[in-house]
Amino acid sequence: MSDLSDMTTLVVGASRGLGRGIALAFDEAGAPVVAVARSRPALDEVAAVSKNIQVEAADATDATMAWNLMDRHKPAVLIIVAGANPVMRSIQHQTWETFSANWHTDVKIAFTWLREALLQPMPPGSRVVVVSSGAAINGSPASGGYAGAKATQRFIAAYAQEESRRSGLDISVTAVMPRMTPFGDVGKRGIRAYSARSGQSEQDFLYQLGQVVTPELAGSALVDLVCEDSTTIAPGYLLTGAGLQKAA
Ligand SMILES: NC(=O)c1ccc[n+]([C@@H]2O[C@H](COP(=O)([O-])OP(=O)(O)OC[C@H]3O[C@@H](n4cnc5c(N)ncnc54)[C@H](OP(=O)(O)O)[C@@H]3O)[C@@H](O)[C@H]2O)c1
């Protein structure tokens with residue numbers, strides 16, 4: 001599949017950071033794009049790039065909103081990127097509320113939209129990508145419940161894939177786990193916290209990360225992934241500056 005002109009792509013969390021890059025890449029590849037986020041002014045800047053980008057200001061944790069937007073736009077591609085910026089503190093300095101923040105956003109958003117993808121259901125041949133995190137594999141001791149929440153996103157993407165198979169829906173669901181990057185607010189906070197924790201400058205810490213994931217790279221990697229034959233798609237991928245690699 002390489003012609004995306006009839007593949008409406010709904011990107012949840014598209015106003016800035018990696019999600020913005022992903023929305024712009026799908027637009028560039030010819031897909032009609034629906035960009036979802038809460039901040040209307042930031043969305044309007046995304047919409048100004050192309051007449052093929054529609055925007056929807058909505059809280060993606062709201063199940064009614066998810067139903068409504070999926071029903072109205074009937075996307076063939078759903079990219080779930082939105083998530084909260086974790087409070088960067090070691091475990092003993094977290095409160096239960098700060099620790100669980102990503103469960104109430106990232107996990108809830110993935111759960112809500114995956115559920116909707118299966119229940120509508122999306123048309124046969126549809127693609128769903130959940131943007132989790134490399135922290136789902138490596139852990140992240142300075143961000144409370146973040147890594148566990150991202151691991152749960154990966155699990156529920158696999159559960160949704162299995163339910164699609166069991167029901168013969170032909171919806172392909174996969175998780176993409178990007179490495180920390182300064183090109184999104186989540187990564188910026190992580191780099192600040194982990195450089196301080198290791199006694200390094202942010203610049204030195206960044207240098208040791210090597211080639212980082214940019215929003216443009218994330219966007220082109222996801223376009224390529226969605227264009228792949230669904231039979232070759234793996235349950236999960238790592239995303240680094242070198243691109244996508246199948247996760248073990
Ligand atoms: N940056 C990294 O280094 C990195 C690494 C690994 C994984 N990730 C994951 O990649 C995703 C994007 O990260 P990022 O750094 O690009 O984040 P970001 O810069 O903070 O952008 C997050 C996007 O999600 C939207 N969003 C957040 N909560 C939302 C809600 N309740 N409803 C609708 N939209 C919502 C935000 O817009 P509004 O605030 O206007 O709603 C924004 O468009 C996250 O899931 C993150 O965990 C990031």
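Everything below is about the structure shown above.
None of the values given here were measured: they were computed from a predicted structure.

1. A word on the nonpolar core
- Counting residues in each nonpolar core, the largest one holds 38 residues, and the members touching the most others are Leu4, Ile22, Phe26, Ile79 and Leu222.
- Elements with a contribution of two residues or more to this core: helix H1 (17-28), strand S2 (33-37), helix H2 (40-47), strand S3 (53-57), strand S4 (77-80), strand S5 (127-131), helix H10 (215-227) and strand S7 (236-240).
- Per-element tally for this core: the top contributor is H10, with eight residues.
- By size, the runner-up hydrophobic cluster in this structure holds 27 residues, among which are Ala58, Ala60, Ile109 and Val173.

2. Some points on unusual backbone geometry
- Between glutamine 120 and the following residue, proline 121, the backbone shows a cis peptide bond with an omega angle of -20°.
- Take proline 121: it is sitting in the loop between helix H5 (101-119) and S5.
- Look at lysine 74: it is not a glycine, yet its phi comes out positive at around 45°.
- Here lysine 74 shows up in the loop between helix H3 (63-73) and S4.

3. Concerning the pattern of salt bridges
- Throughout the structure, instances matching the rule amount to eight salt bridges.
- Arginine 165 serves as the salt-bridge partner of glutamate 162, at 3.0 Å between the closest nitrogen and oxygen. Of this pair, glutamate 162 and arginine 165 both sit in helix H7 (residues 146-167), three residues apart, which is roughly one turn of the helix.
- Given a relative accessible area of 55%, arginine 165 falls into the exposed group.
- Overlapping salt bridges bring together Arg16, Asp185 and Lys188 as one network.

4. Considering the pairing of strand S6 (residues 172-178)
- Counting buried residues in S6 gives seven out of seven residues, a clear majority hidden from the surface.
- Alternating residues of S6 divide into Ser172, Thr174, Val176 and Pro178 and Val173, Ala175 and Met177, and every residue in both groups is buried.
- Relative to S6, S5 is paired through five bridges, and the arrangement is parallel. Bridging from a neighbouring strand, valine 128 pairs with valine 173 of S6.
- With four bridges joining them, S6 and S7 adopt parallel strand pairing. If you follow alanine 175 over to S7, its bridge partner there is glycine 236.

The rules we used
Residues numbered from 1 in each chain as written. Predicted model: local features only at pLDDT ≥ 70, side-chain atom pairs only at ≥ 80, totals over all residues. Heavy atoms only, no water. Core = buried A, V, L, I, M, F, W, Y, C linked by side-chain atoms within 4.5 Å. Buried < 20%, exposed > 50% of the residue type's maximum accessible area, 1.4 Å probe, protein only. Helix = DSSP H or I, 4+ residues; strand = E, 2+ residues; numbered from the N terminus. Salt bridge = Lys/Arg side-chain N within 4 Å of Asp/Glu carboxyl O. Pairing = 2+ DSSP bridges.

Distances and angles like these do not, on their own, reveal function.
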